[in-house]
Amino acid sequence: MPNRLFQGVINQMRDTTDRVIGVVDESGTVISCSELPLIGEVRKGVIAAGVFSGQPICVDNSTYKAFGDSVHPEYAVFVDGTDEMSRNFANIIAVALEQIKNNNDEKFDRTNFVKNVILDNILPGDIYIKSRELHFNNDASRVVFLIRVTNTTDVSVYDVLQNFFPDKSKDYIININEHDIALIKEVRPNVDAKDLEKLAQSICDTLSTEFYCNAVVGIGACITGIKELAGSFKEAQVALEVGKVFDTERTIISYENLGIARLIYQLPTTLCDMFLKEVFKKGSIDSLDQETLFTIQKFFENNLNVSETSRKLFVHRNTLVYRLEKIKKLTGLDLREFDDAIVFKVALMVNKYLNSTPVKY
């Protein structure tokens, strides 16, 4: 594609100068030229002379000016002659070709296209048109992983992930902001959720052990079709936000496993505040001390089993029963009753949500 693109521009410039102009690639091969017979010629002295260093350089009676990637330029313009006019021509043509190349890359770059899709920066009606232009596989199953870096690091996590997933035709790495990087991964149909979590865990482990970089990963739902990518990305975002509130110890949070936490997170804070006041009519949830809250947590973890909970807490069964009676007096809820336990469990989660989000009236 660049060859034809450059040749078209050079053909238009041919009449503006009486000199031979063209483009060589990083191997020194002429890929476009105002003199067609020269296309395919290999100019061996170009590489040795350091033409791709950035500054205009004269080699074998021609002036060269590199363009393309700012770190490792892939192409160089050449103009016959070594005088000031040749240098000016080379600079001007390099600027023009670089701009045209950038515009073309943006137009046909799949990663940029996927980024626009997940960020809702492209009209729904244009998605399928663009995907056909890019020969994008619209039938593949994909899932969005959102990797959030939680500590300051000099490591480029983006580069690490690029090396971790080198197949750019199937997997796309996208910088979202300073801390978040999205991985759009092609997966087999009906992939097991546990396999996705294992992959996410391997990402976190690699970043942690090899680069001392801490990260958490949110996983959206597995989808088929390009339009649904935006939904999977939003789910991965929600997974991270909900995990930050309700499960701060986990590093892998899957949207499909959020359960009731997802529902609570989507409720208005005013409604949550009202719910707490109705549940704890006899007293505030804040009146429960840390020991009592720890007892409640263990009681839930052991499926409301008094004997098992007392064993895990290393306390006598009667001591635990006394604590549960104390909770009943303070709150009006008997945690040994299933319905009351459900209400209390939800109330604890709602309280945690409110503590992370100010109530808005």
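The numbering scheme is per chain: residues are counted from 1 as the chain's sequence reads. Only residues with pLDDT of 70 or above have their local features reported here, since the model is predicted, and side-chain atom pairs are shown and tallied only from 80 upward, although totals for entire chains, interfaces and linings are computed over all residues. By convention in this description, side-chain values take in all heavy atoms of the structure and omit both hydrogens and water.

### A short note on the overall build of the chain
In plain terms, the rule: Per the convention used, a helix needs a DSSP run of H or I reaching at least four residues, while a strand needs a run of E reaching at least two, with both numbered from the N terminus. We take the radius of gyration over the C-alpha atoms and set the globule estimate at 2.2 Å times the residue count to the 0.38 power. To sort residues, take the accessible area from a 1.4 Å probe on protein chains only and compare it with the maximum for the residue type: under 20% means buried, over 50% means exposed, and anything in between is partly exposed. Every residue pair with non-hydrogen atoms within 4.5 Å of one another is taken to be in contact. Lys and Arg are tallied as positive, Asp and Glu as negative. Neither His nor the chain termini are counted. For this purpose, a charge sits on NZ of Lys, CZ of Arg, CG of Asp or CD of Glu.
A tally of regular secondary structure across the chain gives 14 helices and 11 strands. Since a compact globule built from 361 residues should have a radius of gyration of about 21 Å, the 31 Å found for the chain marks it as more spread out than a globular shape. Projected onto its principal axes, the C-alpha coordinates of the chain cover approximately 100 × 45 × 40 Å. Taken over 361 residues, the chain has a buried fraction of 43%. Put simply, 58% of the contacts in the chain that link residues at least 6 apart link residues at least 24 apart. Distance between charge centroids for the chain: 7 Å, based on 41 positive and 50 negative side chains.

### Some points on the pattern of salt bridges
How we decide: Only one rule defines a salt bridge in this text: a Lys or Arg side-chain nitrogen within 4 Å of an Asp or Glu carboxyl oxygen.
With the rule as written, the count across this model stands at 18 salt bridges. For Arg148, the salt bridge identified is with Glu241, shortest N-O distance 3.0 Å. Of this pair, Arg148 sits in strand β6 (residues 141-149) while Glu241 sits in helix α8 (residues 229-246), and the two are 93 residues apart along the sequence. Given the relative accessible area of 22%, Glu241 is considered partly exposed. With a shortest N-O distance of 2.6 Å, Glu308 and Arg311 are connected by a salt bridge. A residue pair is termed a helical-turn pair when its members lie 3 or 4 positions apart in one helix, as Glu308 and Arg311 do in helix α12 (residues 306-313) at three residues. Looking at Arg311, the relative accessible area reads 52%, which means it is exposed. The network of salt bridges with shared partners includes Arg148, Asp180, Glu241 and Lys244.

### Looking at the side chain of Thr206
Residue placement: Thr206 occurs in helix α7 (residues 193-211). Setting aside residues up to four positions removed in sequence, Thr206 forms contacts with Phe164 and Phe211.

### Overview of the environment of Arg142
What counts is decided by this rule: Each polar contact in these results corresponds to two N or O atoms within 3.5 Å; when the atoms are within protein, one needs to be able to donate a hydrogen and the other to accept it, and residues that are neighboring in sequence are counted only if both atoms are side-chain atoms.
Summarising the element assignment, Arg142 is placed in strand β6. For the pair Arg142 and Lys65, spaced 77 residues apart in sequence, the C-alpha to C-alpha distance is 42 Å. Residues in contact with Arg142, not counting those within four places in the same chain, are Phe136, Asn137, Ile184, Lys185, Glu186, Val187, Ala221, Cys222, Ile223 and Leu229. At 2.8 Å, the side chain of Arg142 and the backbone oxygen of Asn137 are in polar contact.

### Here we look at the sheet that holds strand β2 (residues 30-33)
Definition in use: The pairing criterion is simple: DSSP has to find at least two bridges between the two strands. Lines fitted to the C-alpha atoms define the axes, with helices restricted to the stretch that makes contact. Angles between their N-to-C directions range from 0 to 180 degrees.
Strand order in this open sheet of five strands is β2-β1-β5-β4-β3, and the pairing throughout is antiparallel. Each having just a single partner strand, β2 and β3 (57-59) make up the two edges of the open sheet. Along the sheet, successive strands turn relative to each other by an average axial angle of 30°, direction set aside. Relative to strand β5 (residues 75-80), strand β4 (residues 62-67) is paired through six bridges, and the arrangement is antiparallel. Bridging from a neighbouring strand, Ala66 pairs with Ala76 of β5.

### Thoughts on helix α6 (residues 157-164)
Considered for burial, the residues of α6 that qualify are Val157, Val160, Leu161 and Gln162. The inward-facing, buried residues of α6 abut β6, β7 (172-175), β8 (180-187) and α7.

### Considering the packing of helix α4 (residues 110-118) against α8
To keep things clear, this is the line we draw: By the definition adopted for this analysis, an angle is roughly parallel if under 35 degrees, roughly antiparallel if over 145, roughly perpendicular if from 65 to 115, and oblique otherwise. Crossings are sorted by hand: turned counterclockwise from the far helix by less than a right angle, the near helix makes the crossing left-handed, and turned clockwise it makes it right-handed.
Two elements in contact, α4 and α8, have axes separated by 7 Å at closest approach and are oriented at 65°. Considering the angle they form, α4 stands roughly perpendicular to α8. α4 and α8 meet at a crossing whose hand is right-handed. Here Val114, Val117 and Ile118 of α4 come into contact with α8, specifically with Leu229, Ala230, Phe233 and Lys234.

### Details of the state of the cysteines
To keep things clear, this is the line we draw: For the purposes of this analysis, a disulfide is any pair of cysteine sulfur atoms at a distance within 2.5 Å.
For the structure shown, the criterion picks out zero disulfides. Here Cys33 is not cross-linked by a disulfide; its sulfur's nearest cysteine counterpart is in Cys58, at 17 Å. You can see Cys204 has no disulfide; the closest cysteine sulfur is in Cys213, sitting 9.2 Å from it. By relative accessible area, Cys204 is classed as buried at 7%.

### Considerations on the environment of Asn91
As for its placement among the helices and strands, Asn91 is situated in helix α3 (residues 84-108). When the C-alpha atoms of Asn91 and Ile31 are compared, they prove to be 18 Å apart, with 60 residues separating the residues in sequence. For Asn91, the residues in contact, after removing those within four places along its chain, are Pro56 and Lys65.

### Focus: helix α11 (residues 290-301)
Rules: Any helix carries an expected span of 1.5 Å times its number of residues minus one. For this quantity, the arc is that covered by the directions from the helix axis to the C-beta atoms.
Taking 1.5 Å of rise per residue, the 12 residues of α11 would be expected to cover 16 Å, and the 16 Å separating its terminal C-alpha atoms lies within 8% of that figure. Of all the positions in α11, only Thr292, Thr295, Ile296, Phe299 and Phe300 are classed as buried. Seen end-on, α11 carries its buried residues on one side only, within an arc spanning 135°. Here α11 starts with a cap whose side-chain oxygen sits 3.3 Å from the backbone nitrogen of Glu291, and that cap is Asp289. Asn303 occupies a position one or two residues after α11 and carries a positive phi of about 55°.

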